[in-house]
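Spelled out, the chains give:
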Amino acid sequence: MLSKGLGVFAKGAGLLIILIFLFAVWRYYTTSGFGKDYPSGGRLTPAQKAMDITAYDFDIYPHPENQSLRITLRVDFRFPQNIPDTLLFDFIDGYDIVSLRFDQKPVTDYSYHNNRLSWRMPASAKSKRNHYIVIRYGGVPPRAKQAPWRGGFVWKTDRADSTWLTLACQGEGGKIWFPTKDTQTDKPDSLTLRITVPKPYMAPATGRLLAVDTLRDSLRYQWKSRYPVSTYGINFGVGRYTALRDTLHSKRPQTVPVIFYSLIGDTAKNRFLLKHLKQLTHVFEPLFGPYPWPDDKLAAMQTPYLGMEHQTLNAYGNRHHYRRIGGHTIDFLMLHELAHEWWGNFISTADWADFWLHEGFATYSEALYVEQVAGKEAYLDYMREKMHSIRNHAPIIAGKNLSTTEAYNGDVYNKGAAFLHSLRFVLGDSLFKNMLYHWATDSTTRGGKTVVTADFLKHVNRYTPAPQDSLFHFFLNTTRRLEFQVDSVTTNRYRVLVPGIRFPLPLQVGTSAGIQKLTIPPGGLIIASNGYPVIDPEDWYYKKETLYTWQK
Ligand SMILES: [Zn+2]
């Protein structure tokens, strides 16, 4: 029996243990941990660098009864320069490999562990640059722990108890379900997916639907895309879907099919989303250029998880949580994922360290949309809201050659958007809009090429006489916040200073003469005003409170 004192202590210790446990659970779910079970990206090995994957061709058989997949996959690739001694694919452990062929010949001496599949390059194959593998495998793919942040496959049943299978793996990359090169920098030039499902299930996927073959008890959906796509962008779903359809008269000569894959029971509610998707695209095209995938489709698919930018098949699980701004009904999840078709899917980062090039741009696109439909004041308010949510615990670019898990930080959204907002002020509206449009449409960013922040800086500097290197560094690579100081010098004369900033900074200042855009040199600027000037009245910068001092 415990002594009383010890009993109280034990109770206290028990409570403490429970509290620690609850805290650990809370931390587990609230820290990003993005993709942390299988982080994607990072530095490539020489064997990976040497390989350029040109095509994936999948035959997929989902088995909901045991939540497994059976897949036959052909991967075409080439070695543009060096031919390595080892063939190496990223592919997580745990699948049963039934057979593996390399250029038609069976491979038996492969090694498959540590999430890698590799074997020695046969001497006879070293004279050729183009190769392929055909691999047959099966198994239970990782289930998403908290899609889309900790991703994988999501096996559910819908309200009618039918199978509902979806996938989200941005943080993990395609390697969680197929052999690949786990990097943003290698997109295939073509993609084929054949998905066989029992009748009457539907299997929406990336690309354009070529055919639906009727087999005995099943249907085979054949999808094809000739556009480059990130490995996490390769996606499919299986469910009792129906395709709600419309047509986009895009800025291009051709029309684009617009589709919302809705669960059959939810079509009435989802019709608005189909209309919304098309209308959002009409607003984005003049700002960012024509919709990037006209040969495939413009589509979203209902998912049980919140959302994800899957090229030509965005995941939508926002459950119709709309906001009304300026008399307009807006689904910000739909809007955000659509913006990623330009920022993320078309213009993709080479390195996850530059995550903000996806998320900052998509978040800023939300504000641009608000401005288009509800005006400048609504835009400024929306950006104030975003800046208010910045945590600023770490720079949004935290290094180089980072994995998804290392790079992900909530500020890549809001601080990334805030930076673009400030950049717009610095450049002025018309230069900024021109710059943004061409970032999406210039040839340097086309054809599956991936980019880093330095490419964006180079692009921006083409549009402005003053190089913006210092501004980029300040907002993206540090957690410093702008500080403004206003000193009263003499009657109606004030010095505006930006302490610690060694570059001229454009700044909006409200004086008795009205609002002006001034450039504050590193030593400060004396301005006249009948009364204290107001610094950055429209909030173009993420900043600290202005410090006002009296004349000494
Ligand atoms: Zn996003």
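Every chain's residues receive numbers from 1 upward, in the order its sequence appears when written. The model is predicted, so local features are restricted to residues of pLDDT at least 70 and side-chain atom pairs to those at 80 or more, both for listing and for counting; the totals for chains, interfaces and linings are taken over all residues. Side-chain numbers come from the whole structure's heavy atoms, not from hydrogens or water.

### Points about the coordination of the zinc ion
Six octahedral donors at a metal ideally form angles of 90 or 180 degrees, and four tetrahedral donors ideally form angles of 109.5 degrees. The condition that has to hold: Sites may look incomplete because water is not among the atoms; the donors themselves are N, O and S atoms within 2.8 Å of the metal, or within 3.2 Å for Na, K and Ca. Numbering of helices and strands starts at the N terminus; helices are DSSP runs of H or I of at least 4 residues and strands are runs of E of at least 2. Only protein chains enter the accessibility calculation, which uses a 1.4 Å probe. A residue is then buried if its area is under 20% of the maximum for its type, exposed if over 50%, and partly exposed in between.
Those protein atoms acting as donors to the zinc ion are His336 (NE2), His340 (NE2) and Glu359 (OE), and they sit at 2.0 Å. Read in sequence order, the donor residues for the zinc ion give the motif H-x3-H-x18-E. Separated by 19 residues along the polypeptide, histidine 340 in the loop between α4 (332-339) and β21 (348-349) and glutamate 359 in helix α5 (residues 356-374) bring together distant segments of the chain. For histidine 340, a relative accessible area of 0% corresponds to the buried category. According to the relative accessible area criterion, glutamate 359 is buried, its value standing at 2%.

### Some remarks on the pattern of salt bridges
When the charged atoms of two side chains with opposite charge come close together, those side chains can pair. Selection criterion: When a carboxyl oxygen of Asp or Glu lies within 4 Å of a side-chain nitrogen of Lys or Arg, that pair is called a salt bridge.
Throughout the structure, instances matching the rule amount to 25 salt bridges. Across the pair arginine 74 and aspartate 76 runs a salt bridge whose closest N-O atoms are separated by 2.9 Å. Relative accessible area serves as the criterion here: at 31%, arginine 74 is assigned to the partly exposed category. Taking the relative accessible area as the measure of exposure, aspartate 76 reaches 18% and is therefore buried.

### A short note on the nonpolar core
The following threshold applies: Among the buried residues, those of types Ala, Val, Leu, Ile, Met, Phe, Trp, Tyr and Cys that are joined through side-chain atoms within 4.5 Å form a nonpolar core. The criterion used for residue contact is that any of the two residues' heavy atoms lie within 4.5 Å.
Within the largest apolar cluster, 163 residues are counted, with the highest numbers of intra-cluster contacts made by Phe58, Trp177, Trp356, Leu423 and Phe456. Ranked by the residues each element gives to this core, the list is headed by α5, at ten residues. Setting aside residues up to four positions removed in sequence, tryptophan 356 forms contacts with Phe361, Ile396, Ile397, Val412, Gly416, Phe419, Leu420, Thr453, Phe456 and Leu476.

### Comments concerning the UniProt feature "binding site: Zn(2+)" (unreviewed entry) in the protein chain
Note the threshold: UniProt positions are given in the numbering used here, feature names are shortened, and annotations may be inferred rather than shown by experiment. In protein, a polar contact means a hydrogen-donor-capable atom and an acceptor-capable atom, both N or O and within 3.5 Å, with residues adjacent in sequence counting only if both atoms are side-chain atoms; elsewhere, any N or O pair within 3.5 Å suffices.
Mapped onto the present numbering, the UniProt feature "binding site: Zn(2+)" (unreviewed entry) falls at His336, His340 and Glu359. For the residues just named, distributed over 24 residues, the greatest C-alpha separation is only 8.8 Å, placing them together at one site. Discounting chain neighbours no more than four positions away, the residues touching histidine 340 are Glu309, Asn345, Phe346, His358, Glu359 and Ala362. One polar contact links histidine 340 to histidine 336, side chain to side chain, over a distance of 3.1 Å. Residues in contact with glutamate 359, not counting those within four places in the same chain, are Gln170, Glu309, His336, His340, Val412 and Tyr413.

### So, helix α8 (residues 411-427)
Operational definition: Given the number of residues in a helix, its expected span is that number minus one, multiplied by 1.5 Å.
With 17 residues, α8 ought to run about 24 Å at 1.5 Å a step, and its terminal C-alpha atoms sit 23 Å apart, in line with that. For α8, the buried fraction is high: 16 of the 17 residues fall into the buried class. Glycine 428 sits one or two positions beyond α8 and adopts a positive phi of about 90°.

### Quick look at unusual backbone geometry
Excluding glycine, residues mostly have negative phi values, and the peptide bonds linking residues are mostly trans. Looking along the chain, the bond that leaves alanine 147 and enters proline 148 is cis, with omega of 5°. Examined against the element boundaries, proline 148 turns out to sit in the loop between β8 (130-139) and β9 (152-157). In this chain, lysine 199 is followed by proline 200 through a cis amide linkage whose omega measures -5°. Inspection of the secondary structure puts proline 200 in the loop between β11 (190-198) and β12 (208-214).

### Looking at the sheet that holds strand β29 (residues 547-549)
The following threshold applies: When DSSP finds at least two bridges between two strands, those strands are taken to pair. The convention used is that axes are lines fitted to C-alpha atoms, helices contributing only their stretch in contact, and that angles between N-to-C directions extend from 0 to 180 degrees.
Here we have four strands laid out as an open sheet, ordered β27-β24-β23-β29, and mixed in their pairing. Both edges of this open sheet fall to β27 (525-528) and β29, since each of them pairs with a single strand only. Within the sheet, the average angular offset between the axes of one strand and its neighbour, ignoring direction, is 25°. Sheet topology note: the strand β23 (residues 485-490)/strand β24 (residues 493-497) ladder contains five bridges and is antiparallel. Across the sheet, residue serine 488 finds its bridge partner in β24, namely tyrosine 494.

### Observations regarding the packing of helix α3 (residues 267-288) against helix α9 (residues 429-441)
Counted only if it meets this: Roughly parallel refers to an angle under 35 degrees, roughly antiparallel to one over 145, roughly perpendicular to one between 65 and 115, and oblique to any angle outside these ranges. As a working rule, the residues Ala, Val, Leu, Ile, Met, Phe, Trp, Tyr, Cys and Pro are called nonpolar, Asp, Glu, Lys and Arg charged, and the rest polar, with Gly in that last group.
As a packed pair, α3 and α9 sit with axes 7 Å apart at the nearest point and diverge in direction by 95°. Accordingly, the angle class assigned to the pair α3 and α9 is roughly perpendicular. Taken together, the residues of α9 that come into contact with α3 (itself represented by Glu285, Pro286, Leu287 and Phe288) are Leu436, Tyr437, Ala440 and Thr441. Its residues assigned to classes, the contact of α3 with α9 shows six nonpolar, one polar and one charged.

### Looking at the domain arrangement of the protein chain
How big an interface is tends to be reported as the loss of accessible area on association of its parts. For clarity, the cut-off: Note that domain bounds follow an automatic or database assignment of domains. Buried area adds together the accessible area that both of two parts lose upon being put together, with accessible area traced by a 1.4 Å probe.
Split into domains, the protein chain comes out as domain 1 (32-237), domain 2 (240-337), domain 3 (347-477) and domain 4 (482-548). Placing a centre on the C-alpha atoms of domain 3 and another on those of domain 4 gives a separation of 25 Å. Of the residues lining the interface, 18 residues belong to domain 3; the matching set on domain 4 comes to 14 residues. Regarding the contact of domain 3 and domain 4, the summed buried area is about 1,500 Å², with carbon and sulfur atoms giving 72% of it. Ranking the residues of domain 3 by area buried against domain 4 places Met387, Phe425 and Phe474 at the top, with a combined share of 39%. Seen at the junction of domain 3 and domain 4, the total is one salt bridge. Here arginine 384 makes a salt bridge to aspartate 539, at a shortest N to O gap of 2.6 Å. Run the count over domain 3 and domain 4 and you get six residue pairs in polar contact (both at pLDDT 80 or more). Those elements giving two or more residues to the side of domain 3 that touches domain 4 turn out to be α6 (376-388), α8 and α11 (469-476).

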